[in-house]
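Spelled out, the chains give:
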Amino acid sequence: MFCKPVKLLPKLLPVFFSAVGLLSSGCVIYPELVEKGMYAPKSERCGDCHKDIYNEWKNSPHARSFTNAEFKEETNTYQFTFCLGCHVPETIFTDKKIEPRSENLAEGVHCNSCHLNDCKLSGPTPAHGPHPIHEKNQFFRTSEMCGKCHIGTFLAWQKSDTIEEKKTCQDCHMPSIKRKLIQDDPWQKIYPKREGKQHLFSSQTLFDTHNTLLTMSFIKVIQCNGRIEGILELENTGTPHGIPTGDYGYREVVLTIELQDEAGRVEDLKKESFFVEMKTALQYREKRCIPFYFHYDGDSYAIKATIHRISFHKDTDILLAEVKYTS
Ligand code: HEC
Ligand code: HEC
Ligand code: HEC
Ligand code: HEC
Ligand code: HEC
């Protein structure tokens, strides 16, 4: 399927009076950016102008969704073609099942997977680029968009009752930023800064900025006859899906409770894992009490609890929450 350059003359008139408009929507100078099939552009090409967004995306899990060793293994080296749609989509703008593309597979969920919409590059801002563009598309601001692939997480989000100011997936996983959308001449000289979104698709930075997503507290700690006993309470106070969440792959979070002596040395520890598959993920607003005990003869001590999300190969390790009790 090929996209023909759009007839532009009628579109030119309304924008004729703005200098930006003149340079931009007037001329579809880059029709190759909306090609499909063997002429489809690589994301690198988008990165010639959208440098910052490209660099964010390139380091995100979406850029690894095909090359990921686990995915390769679980699909029997890409034999299970029904797995490919969400991992190397041509475009999500379809009413039918999302179809895999045939080129640039190593890029996984790439720019055009999410932005190519009916021979235009679609986005939510009033931006008016020099390429075929469909601006102010508010679908990009909805959780439904992410839910096209993150089905289970989306259903959990839908049921969560964060009514007050219900946050979308983008609010948390694509932090806001005001900047130019392009970092290349001549375009960056012409276009103003806009309210945009970082393409990080990660939970790595979330706990630095929000401390209400997952909370932990010691509700009881006693020491008696050489034994310390206590209860730690965990609550998913603000993450509108399970911790961990997802339908595929290895999803684990690990709680560690450790006993430290006066000098801060670890004397003993207890670990407990929560998995999606085992139905032990901490659901939205769920509270869970974890009892623990240690043998300890000393006087003063500290108990530290941490919760991490780890990947199968332990190469990702994100600290989600931490709390410390000192005697
Ligand atoms: C075309 C399908 C698709 C769409 C649409 C999509 N994702 Fe993803 N997403 C994936 C796939 C596949 C992965 C797994 C990548 C990997 O780790 O190999 C993923 C991974 C992620 C991860 C990382 C999960 C982890 O294990 O750390 C986050 C966070 C995420 N997506 C958020 C989003 C958000 C927010 C949106 C909406 C703006 C979105 N995704 C839209 C397919 C999609
Ligand atoms: C030659 C430079 C150039 C290239 C290459 C380019 N863009 Fe753009 N793009 C622009 C400019 C300029 C704007 C408008 C910026 C503004 O108005 O602030 C823009 C705007 C956009 C928007 C914003 C739409 C909206 O309304 O929110 C999206 C989405 C977009 N481009 C996606 C892409 C994708 C995907 C690719 C690769 C297939 C790409 N662009 C390649 C220059 C480029
Ligand atoms: C998983 C889907 C997804 C992928 C992949 C993706 N985007 Fe986006 N993009 C979005 C969403 C969602 C928004 C709007 C977020 C919002 O405003 O809430 C957006 C917004 C934009 C915008 C508008 C300005 C802004 O910062 O919000 C531009 C330009 C853009 N993307 C370019 C790109 C380029 C270039 C790539 C590849 C390097 C890319 N996108 C990859 C989903 C995606
Ligand atoms: C209020 C903020 C918030 C919102 C809204 C939100 N998330 Fe998350 N998300 C988090 C936090 C915090 C984590 C880290 C905890 C964890 O790993 O479960 C996370 C983790 C994830 C992960 C990583 C996988 C994993 O194992 O946990 C994915 C994928 C994800 N979210 C997708 C989504 C999608 C899709 C939506 C929208 C339907 C969404 N999130 C809405 C806060 C949010
Ligand atoms: C409906 C879209 C969809 C389909 C179909 C799909 N996946 Fe995924 N896959 C995702 C999303 C979204 C993620 C991100 C984690 C999550 O939310 O489960 C993911 C993540 C993964 C991961 C984990 C990557 C990581 O680093 O954590 C593996 C492995 C995986 N998928 C394998 C498969 C296999 C095998 C199939 C076919 C049986 C398949 N997927 C089909 C959407 C899909």
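A brief structural summary. (Residues numbered from 1 in each chain as written. Chains lettered and ligands numbered in written order. Predicted model: local features only at pLDDT ≥ 70, side-chain atom pairs only at ≥ 80, totals over all residues. Heavy atoms only, no water.)

1. Things to note about the site of ligand 1
Next, step 1: Near ligand 1 there are 22 residues, and of these His62, Cys146, Cys149, His150 and Arg309 occur at the shortest range.
Next, step 2: Between a nitrogen atom of ligand 1 and a side-chain N or O atom of His62, the distance comes to 2.8 Å.
Next, step 3: Between Asn68 and ligand 1, the recorded distance is 2.7 Å, taken from a side-chain N or O atom to an oxygen atom.
Next, step 4: Of all elements in the fold, only α6 (84-87), α8 (143-147) and α10 (169-173) reach the threshold of two or more residues within the shell around ligand 1.
Next, step 5: Counting residues per element, the shell around ligand 1 draws most heavily on α10, at 3 residues.
Next, step 6: Each residue belonging to the shell around ligand 1 can be placed in one class, and the counts come to 11 nonpolar, 8 polar and 3 charged. (Near = heavy atom within 4 Å. Polar contact = N/O pair within 3.5 Å; in protein donor to acceptor, adjacent residues only side chain to side chain. Helix = DSSP H or I, 4+ residues; strand = E, 2+ residues; numbered from the N terminus. Nonpolar A, V, L, I, M, F, W, Y, C, P; charged D, E, K, R; others polar.)

2. Concerning the coordination of the iron atom of ligand 2
Next, step 1: Protein coordination at the iron atom of ligand 2 comes from His50 (NE2) and His131 (NE2), with a distance range of 2.0 to 2.1 Å.
Next, step 2: In this structure, the iron atom of ligand 2 is coordinated by 6 donor atoms arranged in octahedral fashion, with angles at the metal of 87 to 178°. Taken together, the residues His50 in the loop between α3 (43-47) and α4 (51-58) and His131 in the loop between β2 (120-122) and β3 (133-134) connect sequence positions 81 residues apart. (Donors = N, O, S within 2.8 Å, 3.2 Å for Na, K, Ca; no water. Tetrahedral: all angles 85-135°; square planar, octahedral: opposite > 155°, others 65-115°.)

3. Points about the pattern of salt bridges
Next, step 1: Scanning the entire structure with this criterion turns up 10 salt bridges.
Next, step 2: Of the charged contacts in the structure, one is a salt bridge between Arg45 and Glu32, with a shortest N-O distance of 3.7 Å. Here the residue Arg45 occupies a position in helix α3, and Glu32 occupies one in the loop between α2 (19-23) and α3, the gap between them amounting to 13 residues.
Next, step 3: A residue is classified by how much of its surface remains accessible, and Arg45, at 28% relative accessible area, is partly exposed. (Salt bridge = Lys/Arg side-chain N within 4 Å of Asp/Glu carboxyl O. Buried < 20%, exposed > 50% of the residue type's maximum accessible area, 1.4 Å probe, protein only.)

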